[in-house]
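# Analysis of the macromolecular model
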Amino acid sequence: MISLLPFSLIVAIRFLREGRLQTLFIISGAAIGVAVIVFMSALLDGLQGNLFRRVLSSQPHITLERPKQISRPLRFPNPGESVVATIQTPSQRLSSIDQWQKERDEMQKRKDIVAVSPTVTGPAFVVRGDASQAISLIGIDPEQYIKIVPLPEKIIAGTFRMTNTDILVGKQLVEDLGVQLGDKLRIVTASGGNLTLNIVGIFDLGNRGANQRNVYVLLSSAQNLINLIGGVSSIDLTVIEPFNAEKIAQSIASQTGLQAMSWINANQQFFLGLNAQKLSSQVIRLFVGLSVAAGIASVLVVSVVQRSKDIGILRAMGGTRGQVMRIFLIQGAIVGLFGSLIGSVMATLLLVGWKMVAKNPDGTPLFNITITTQLYIIAAIIATITGLIAAVTPAMRAARLEPVEAIRA
C-alpha cells in the first residue's frame with residue numbers, strides 16, 4: 001500500500017515515525033489546543049443558548065404597536081420670531097391598531113416571520129377580598145400566542161385552558177394574594193371593566209416580575225375589560241433569525257408606519273453582554289489556535305535542522321524543491337488532523353465530566369450542552385489548515401537548502 005502513495009507523503013510519514021517522541025509531543029500539543037477550543041465552544045454555546053431561551057421564552061421577538069401620540073404646535077414661528085409657549089407631551093391613551101387585521105395578514109405573508117399573534121395589553125387591578133394588586137392584563141388568542149410564548153410548557157399547576165371565565169396567573173401573584181387553583185379573582189380596570197374569573201392555571205416564566213405582574217385571559221375578555229371592543233393594542237411576532245430582529249423591526253416600521261420594538265432593543269444590556277461574551281470567547285479561541293500553530297511551526301523548524309542532511313541527499317538524488325516543501329506541509333497537516341481527532345475525544349470526555357459535576361440542587365443539568373457533528377468537522381478542518389499554515393515557513397526553509405551545503409552541515 002505504501003508504494004502506491006505519493007513520494008512526498010511516504011517521506012513525511014517516515015520522518016514522523018523516526019521522530020516518534022517529537023511527533024507525540026507535537027500531536028499532544030495540537031490535541032490539547034483543539035480540546036480547549038471544542039470544549040469552550042460547546043460550553044459557551046450551551047450557556048448562551050440557555051440564557052437566550054430564558055429571555056425569549058417569555059416574550060415576543062418583535063412587538064408592533066400604534067405610534068406614540070405627539071403634540072404639534074398650532075403656529076410655527078416666522079424668521080426672527082420665537083415661540084414662548086411650552087409644548088407638553090400628551091399622555092398616551094390605550095388605543096387599537098388601525099386596521100389591525102390587515103397588518104396581521106401582511107405580517108403573515110413575510111418570509112422572515114414564523115408566528116403572528118394579536119394581543120390586548122393594559123393595566124388593571126386584581127382584587128381578592130380586601131387585597132388588591134396592580135397587574136398587566138394580557139388578552140391572547142391561545143392558538144396563535146403559544147407559537148410566540150410556549151405557555152403550556154410554563155404551567156406548573158393546573159392546565160392551559162382559555163375560556164371566557166378562565167384566567168392564568170403567575171406563581172408569585174398566587175403567593176402574594178394567598179390564592180390557589182379553582183379560586184376566583186375579580187379584575188377591575190380604569191375604564192370601568194369588572195369581571196370575575198376562575199384560576200385554571202399557574203405559570204412560571206422564570207422571571208419574578210413577570211410572575212407577579214402578568215395575567216393571561218382570553219382576547220375577547222380583555223377587549224371587554226379594557227373597553228377595546230374589536231381592537232388590539234399590539235401584534236406580537238416571532239422571526240426565523242432572532243439576532244436579526246432589530247433589522248426586521250426597522251423594516252416593518254418603515255413598511256407599516258407602526259412602532260416596532262424588538263427584543264434586542266428591549267434588552268439592550270443583555271444583548272451587549274451576549275455580544276461581549278461572544279467576542280471574548282472568539283479572542284480566546286484565536287490565541288489558543290495561534291499557540292498551537294506556533295508549537296507546530298517550532299517543532300518543524302527543529303526537524304528541518306535535524307533532517308538537513310536527509311534533505312540534501314533527497315535533493316542530490318533529484319528531488320525537487322516542491323517535493324521537499326510538500327514533505328513538511330504534509331507533516332503539518334497530519335499533525336493537525338491527528339491532533340483534532342484526539343482533541344475531540346478529550347473535549348467529549350471533559351464535557352461528560354462537566355455534566356456530572358455541574359448540576360442544579362435538584363440534580364438536573366445546570367444547562368444543556370450538545371456537541372454537534374458539525375463542530376467536530378469544523379475542528380478537524382481548522383486544525384488541519386492550522387497545521388498546514390504553521391508548516392509553511394519550515395517547508396520554505398527546507399526547500400531553500402542547497403544539496404551540497406545541506407550534506408556538509
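Residues numbered from 1 in each chain as written. Predicted model: local features only at pLDDT ≥ 70, side-chain atom pairs only at ≥ 80, totals over all residues. Heavy atoms only, no water.

So, on to unusual backbone geometry. Peptide bonds are mostly trans, and most non-glycine residues show a negative phi. Of note, the phi angle at glutamine 99 is positive, near 50 degrees, even though the residue is not glycine. The topology assignment puts glutamine 99 in the loop between strand E1 (62-65) and helix H3 (100-109). You will see that asparagine 227, though not glycine, has its phi angle at about 60 degrees, which is positive. As for its placement among the helices and strands, asparagine 227 is situated in the loop between helix H8 (219-225) and strand E9 (234-239). (Helix = DSSP H or I, 4+ residues; strand = E, 2+ residues; numbered from the N terminus.)

In terms of burial, strand E5 (residues 166-170) is largely enclosed, as five of its five residues are buried. Because side chains alternate across E5, one face comprises the buried residues Asp166, Leu168 and Gly170, and the other comprises Ile167 and Val169, equally buried. For E5 and strand E7 (residues 194-203), the ladder comprises five bridges, and the chain directions are parallel. In the sheet register, aspartate 166 faces E7, and the bridge partner there is asparagine 198. Direction of pairing for E5 relative to strand E8 (residues 214-218): antiparallel, over a ladder of two bridges. Each bridged residue has a counterpart across the sheet, and for leucine 168 the counterpart in E8 is tyrosine 216. (Buried < 20%, exposed > 50% of the residue type's maximum accessible area, 1.4 Å probe, protein only. Pairing = 2+ DSSP bridges.)

Our next topic: the layout of surface pockets. Volume-wise, the second largest pocket comes out at about 370 Å³. Together, 20 residues line the second largest pocket, and Ile37, Gly289, Ile382, Ala383 and Thr386 are the ones closest to its centre. Of all the secondary structure elements, the ones that give two or more residues to the lining of the second largest pocket are helix H2 (20-56), helix H11 (268-306) and helix H14 (373-390). Of the residues that constitute the lining of the second largest pocket, the class distribution is 14 nonpolar, five polar and one charged. (1 Å grid on protein atoms, 1.4 Å probe; cavity = no way out; pocket = protein on both sides within 12 Å on 5 of 7 lines; lining within 4 Å. Points joined across faces, edges and corners; volume = space filled by probe spheres on them. Nonpolar A, V, L, I, M, F, W, Y, C, P; charged D, E, K, R; others polar.)

The values are spatial; any link to function lies outside them.
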